[in-house]
Amino acid sequence: MTEPGFAVLPDLASRQLGGSVVFANDELFAEKENLIKPEASVFAAGTFGHKGKVYDGWETRRRREPGHDHAIVRLGTPGVVHGVVVDTAHFRGNYPPEISVEAACADGYPSPAELAGMAWQTLVGRTGALGDTANSYAVADRHRWTHIRLSIYPDGGVARFRVHGEMLPDPAFLAGTIDLAAMENGGKVIGCSDEFYSSPGNLILPGRARVMGDGWENARRRGPGNDYVVVALAAAGRLRQVEVDTSYFVGNAPGWVRLLAADQSSASLGSDVPADSWWEVLPETRVQPDTRHRFLTGSQPAATHVRLDVIPDGGLARLRVLGEIVPEALADLRQRWRAALPSAPDPAGADGAA
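For every chain, the first residue of the written sequence is number 1, and numbering continues from 1 along that sequence. Under the rules for a predicted model, residues below a pLDDT of 70 receive no local features and side-chain atom pairs below 80 are neither given nor counted, while totals for whole chains, interfaces and linings still include all residues. Excluded from the side-chain calculations are hydrogens and water; all other atoms, namely the structure's heavy atoms, are used.

Chemist: Just to check I follow, could you spell out the packing of aromatic side chains for this structure?
Modeler: In this description, an aromatic ring pair is defined by two values, namely the gap between the centres and the angle between the planes. Side-chain rings of Phe, Tyr and Trp (the six-membered ring for Trp) are treated as a pair once their centres are within 6.5 Å; stacked means planes under 30 degrees apart, edge-to-face means over 60, and tilted covers the remaining angles. In the structure shown here, the tally under the stated rule is 1 aromatic pair. Here Phe-196 and Tyr-197 contribute two aromatic rings whose centre-to-centre distance is 4.8 Å and whose plane-to-plane angle is 80°, an arrangement assigned as edge-to-face. Comparing Phe-196 with Tyr-197 shows no difference in burial state: the two are exposed. Here, a charge over a ring means that NZ of Lys or CZ of Arg falls within 6 Å of the ring centre while also lying within 35 degrees of the ring normal. Seen from the ring of Tyr-153, Arg-126 lies directly overhead, with NZ or CZ sitting 4.0 Å from the centre. The side chain of Arg-307 reaches across the aromatic face of Tyr-228, ending 3.9 Å from its centre. Each residue is placed in one exposure class: buried if its accessible area under a 1.4 Å probe, protein chains only, is under 20% of its type's maximum, exposed if it is over 50%, and partly exposed if it falls in between.

Chemist: What is the right way to look at the pairing of strand E15 (residues 256-262) in this model?
Modeler: Note on strand geometry: in a regular strand, side chains alternate between the two faces of the sheet. Note on conventions: DSSP H or I runs of at least 4 residues are helices, E runs of at least 2 residues are strands, and numbering of each starts at the N terminus. By the criterion of burial, E15 is predominantly enclosed, with 5 of the 7 residues buried. For E15 and strand E18 (residues 302-311), the ladder comprises 7 bridges, and the chain directions are antiparallel. Along E18, the bridge assignment pairs Leu-259 with Leu-308. Whether two strands pair depends on DSSP finding at least two bridges between them.

Chemist: When you look at unusual backbone geometry in this model, what are you seeing that I'm missing?
Modeler: Leaving glycine out, the prevailing phi sign among residues is negative, and the prevailing peptide bond configuration is trans. Residue Pro-154 is reached from Tyr-153 by a cis peptide bond, and omega for that bond is -10°. Considering the arrangement of structural elements, one finds Pro-154 in the loop between strand E9 (144-153) and strand E10 (157-158). Ile-311 connects to Pro-312 through a cis peptide bond whose omega is -5°. Phi is positive for Tyr-248, close to 75°, though the residue is something other than glycine. When you line up the elements, Tyr-248 lands in the loop between strand E14 (227-245) and E15.

Chemist: Would you explain the pattern of salt bridges in this entry?
Modeler: In the sections that follow, a salt bridge refers to a side-chain nitrogen of Lys or Arg positioned within 4 Å of a carboxyl oxygen of Asp or Glu. Here the structure, examined in full by the defined rule, presents 21 salt bridges. Arg-126 is paired through a salt bridge with Glu-98; the nearest N and O atoms lie 3.0 Å apart. Of the two residues, Arg-126 is situated in strand E7 (residues 121-128) and Glu-98 in strand E6 (residues 98-104); the sequence distance between them amounts to 28 residues. Among the salt bridges present, the one from Glu-243 reaches Arg-292, with a minimum N-O distance of 3.1 Å. In this pair, Glu-243 is assigned in strand E14 and Arg-292 in strand E17 (residues 292-296), connecting sequence segments 49 residues apart. Among the residues examined, Glu-243 registers a relative accessible area of 8% and is labelled buried.

Chemist: How should I be thinking about the side chain of Asp-214 in this particular structure?
Modeler: Tracing the backbone shows Asp-214 in the loop between strand E13 (188-192) and E14. Note on Asp-214: relative accessible area 12%, which makes it buried. In the analysis that follows, any N or O atom pair within 3.5 Å is treated as a polar contact, provided that within protein one partner can donate a hydrogen and the other can accept it, and provided that, for residues neighboring in sequence, both atoms belong to side chains. A polar side-chain atom of Asp-214 sits 2.9 Å from the main-chain amide nitrogen of Arg-210. What Asp-214 contacts, discounting residues up to four positions off in sequence, is Asn-202, Ala-209, Ala-317 and Arg-318. Note on contacts: a residue pair qualifies if any of its non-hydrogen atoms lie within 4.5 Å across the two residues.

Chemist: Teacher, can you tell me more about the side chain of Arg-162 here?
Modeler: By the secondary structure assignment, Arg-162 is in strand E11 (residues 160-167). Using a relative accessible area of 14% as the deciding quantity, one classes Arg-162 as buried. From its side chain, Arg-162 meets the backbone oxygen of Lys-37 in a polar contact 2.6 Å long. Excluding anything up to four places from it in sequence, Arg-162 contacts Asp-11, Leu-35, Ile-36, Lys-37, Pro-38, Glu-39, Gly-83, Val-84 and Val-85.

Below you can see the structure in the form of structure tokens.
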């Protein structure tokens, strides 16, 4: 099956971003928390427990009465959903034949009981699903959501649930000094020379890398030049500090790094920043393996993008770009945030489980 275009967007539900499965009406055979594991589901044919076959997913019991099962995910970062994937990998005779997906936008941190009483907006109406398949569904609604409800009809198992979209955090938390590159703040990788071993998107995930595979690693360069990654910052901001973290990269860290910045505030959004737009923030600087390097950037113009060169190649655990969003850009973020807030739908028209 061809991967949908929206799959290139971050998974807002991922545990790596702080997502959580806050409720499931049933999880007798397999725990609801498996739904948002970042890694692919695995299957061990001979693994059985006292409740039956052990699955790496969420599985409910065989329903003997009317109704259906559902689980609620709190997104790691609120955002605009472009599509969802209901992956039934390894569920062949016990997958749900139909699913639906709904969303809610909640203030604060509501309990499952409070969420149950809210009005939910349908993102994917009740529709068919296949077993042992990454079932993909595009979403047209462009409002901002904090919680997603997956319903399965009538019961069964789902290995993974992905909610791909754009981060849209509350701008109240973007004031002051923040990590302008962080994915949870709206930063995104838009260009990369090579991602042979692992994704450059890992560079801007929350927290510290736990192992080398949590970072970005390119292939060994055998020709001239160097590898690089380009990050669109959360908004135009003034850079103050940069952290280049090579933790866990011992024999495969870069020898040197260099950081460039550009201001594309008035340019059309795209992955290509003209070569003559870049200025140097951090000159070519030697780095050490398995080390967190911190650098002050000095006085800098406002930037919307950064490019990190690794010379000649090598892996990094994290990239942090600390600074402040300029007032006009923060005002734009507030306007976008307000425009994306959903109006409450008619509770009588909500389609799903309460």
